Amino acid sequence: MATTAHPYWPRSLPLPGYVPSERPGWQCAGAVAAAGAGLLALGWALGGGRGGATRSPARRLALGWFLLCAGVHGILEGYFSLRHRELPAATGLLADVWKEYSKADSRYMTSDDFTVAMETVTAWAWGPLSFLTFLAFLRRHPTRYVLQLLVSLGQLYGDVLYFATEARAGWSHSDPLPLYFWGYFVGLNGVWVLVPGALLVDACRNLAAAQRTLDRPRHKAH
């Protein structure tokens, strides 16, 4: 039965028609963790396939990362982009996952303008581009580091804005319990600061090395 009582912050947040999650939080978190680990492992395994003997463990892990990003951005954030208005009353696994995460950031339950815009760009730009980056590295396409730079910069920029807008709001949308604020809000989103930051540096180094090679004087053979 629908109710306006809810577990989100601030407690006075109006959520007419809200329907509680059908699943406990650990099931939602476990489902996402299992799916994410599966995509990471699949990317790692495919990175060691034909021609993968020359790939370092770090590069294979990066392949898994981009496949993971394609799934998270395309499925989870794609769902939110399309269903954010009806999320409080929605049911099903993906709705329950967002209701669980929203304990760390209730902006997802209110169709906050910035959150919807940021997640829409993430879902429909960085999601497909993450998959293209995965394919580019798998096939050693010459644009692979350009794609890595583009996706990583976009992810990093979006996450910085995500943290900054909540900081300006006084961190008022998260349950102060450590699991939700430090685990979900800071921990999960912090991964999308640290990993894209490292991959951005990696892409710049490889592109700079390619440019140095191109800039070397060429000597004509006699």
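Remember, it's a predicted structure, so these values are computed and weren't measured experimentally. (Residues numbered from 1 in each chain as written. Predicted model: local features only at pLDDT ≥ 70, side-chain atom pairs only at ≥ 80, totals over all residues. Heavy atoms only, no water.)

Trainee: Before we go on, may I ask you to explain the overall build of the protein in this structure?
Mentor: Counting its regular elements, the protein contains 6 helices and 0 strands. Put simply, the protein runs from its N terminus to its C terminus through helices and strands in the order α-α-α-α-α-α. Across its three principal axes, the protein shows a C-alpha extent of roughly 85 × 35 × 30 Å. Burial statistics for the protein: of 222 residues in total, 42% are counted as buried. Considering only contacts in the protein between residues 6 or more positions apart, those separated by 24 or more positions represent 67%. Of the accessible surface of the protein, which amounts to about 12000 Å², a share of 68% is contributed by carbon and sulfur atoms. (Helix = DSSP H or I, 4+ residues; strand = E, 2+ residues; numbered from the N terminus. Buried < 20%, exposed > 50% of the residue type's maximum accessible area, 1.4 Å probe, protein only. Contact = heavy atoms within 4.5 Å. Areas by Shrake-Rupley, 256 points an atom, 1.4 Å probe, with all protein chains shown as cover.)

Trainee: Explain helix H3 (residues 93–101) here, please?
Mentor: In an α-helix there are 3.6 residues to a turn, and that puts residues three or four apart on one side. Of all 9 residues in H3, 7 are buried; the element is thus mostly enclosed. All buried positions along H3 are accounted for by Ala-95, Asp-96, Val-97, Trp-98, Lys-99, Glu-100 and Tyr-101. Among the structural elements, helix H1 (25–47), helix H2 (57–83), helix H4 (113–138), helix H5 (144–168) and helix H6 (178–215) are those in contact with the buried residues of H3.

Trainee: Before we go on, may I ask you to explain the nonpolar core in this structure?
Mentor: It is characteristic of soluble globular proteins that their nonpolar side chains tend to be buried jointly. Ranked by internal contacts, the top residues of the largest apolar core, which has 43 residues, are Trp-65, Leu-87, Trp-98, Tyr-101, Tyr-108 and Phe-185. Within the residue set of this core, elements represented by two or more residues are H2, H3, H4, H5 and H6. It is H2 that contributes the most residues to this core, 11 residues altogether. When residues no more than four places from it in sequence are discounted, the contact partners of Trp-65 are Leu-40, Gln-155, Val-191, Trp-192, Val-195, Pro-196 and Leu-199. (Core = buried A, V, L, I, M, F, W, Y, C linked by side-chain atoms within 4.5 Å.)

Trainee: How should the environment of Ala-62 be read in this particular structure?
Mentor: Within the fold, Ala-62 resides in helix H2. Taking relative accessible area as the criterion, Ala-62 reaches 8% and is therefore assigned buried. For the pair Ala-62 and Thr-91, spaced 29 residues apart in sequence, the C-alpha separation works out to 34 Å.

Trainee: Is there a simple way to think about the pattern of salt bridges in this case?
Mentor: Should the charged atoms of two oppositely charged side chains come close, the side chains can pair. If you walk through the whole model with that rule in mind, you get 7 salt bridges. Notably, a salt bridge pairs Asp-96 with Arg-23, separated by 2.7 Å at the nearest N-O pair. With Asp-96 in helix H3 and Arg-23 in the segment before H1, this pair connects stretches of sequence that are 73 residues apart. Ionic pairing is found between Arg-107 and Glu-166, a salt bridge with its closest N-O pair at 3.6 Å. Taken as a pair, Arg-107 in the loop between H3 and H4 and Glu-166 in helix H5 lie far apart in primary sequence, 59 residues in all. For the pair formed by Arg-107 and Glu-166, the shared burial category is buried. When salt bridges that share partners are traced, they join Glu-22, Arg-23 and Asp-96 into one network. (Salt bridge = Lys/Arg side-chain N within 4 Å of Asp/Glu carboxyl O.)

Trainee: Before we go on, may I ask you to explain the packing of aromatic side chains in this structure?
Mentor: Both the distance between ring centres and the angle between the ring planes are used here to describe each pair of aromatic rings. One pass over the structure, following the stated rule, counts 20 aromatic pairs. Here the aromatic rings of Phe-66 and Phe-137 are separated by 6.4 Å at their centres, their planes lie at 10°, and the arrangement is stacked. Of this pair, Phe-66 sits in helix H2 while Phe-137 sits in helix H4; the two residues are 71 residues apart in sequence, bridging distant segments of the chain. Residue classification places Phe-66 among the buried positions, given a relative accessible area of 1%. Since its relative accessible area comes to 5%, Phe-137 is described here as buried. (Phe/Tyr/Trp six-rings, centres within 6.5 Å; stacked < 30°, edge-to-face > 60°.)

Trainee: Help me understand the layout of surface pockets in this model?
Mentor: If you roll a probe as big as a water molecule over the atoms, it shows you where there is empty space left. Approximately 1100 Å³ is the volume found for the largest pocket. Those elements that provide at least two residues to the lining of the largest pocket are H1, H2, H3, H4, H5 and H6. (1 Å grid on protein atoms, 1.4 Å probe; cavity = no way out; pocket = protein on both sides within 12 Å on 5 of 7 lines; lining within 4 Å. Points joined across faces, edges and corners; volume = space filled by probe spheres on them.)

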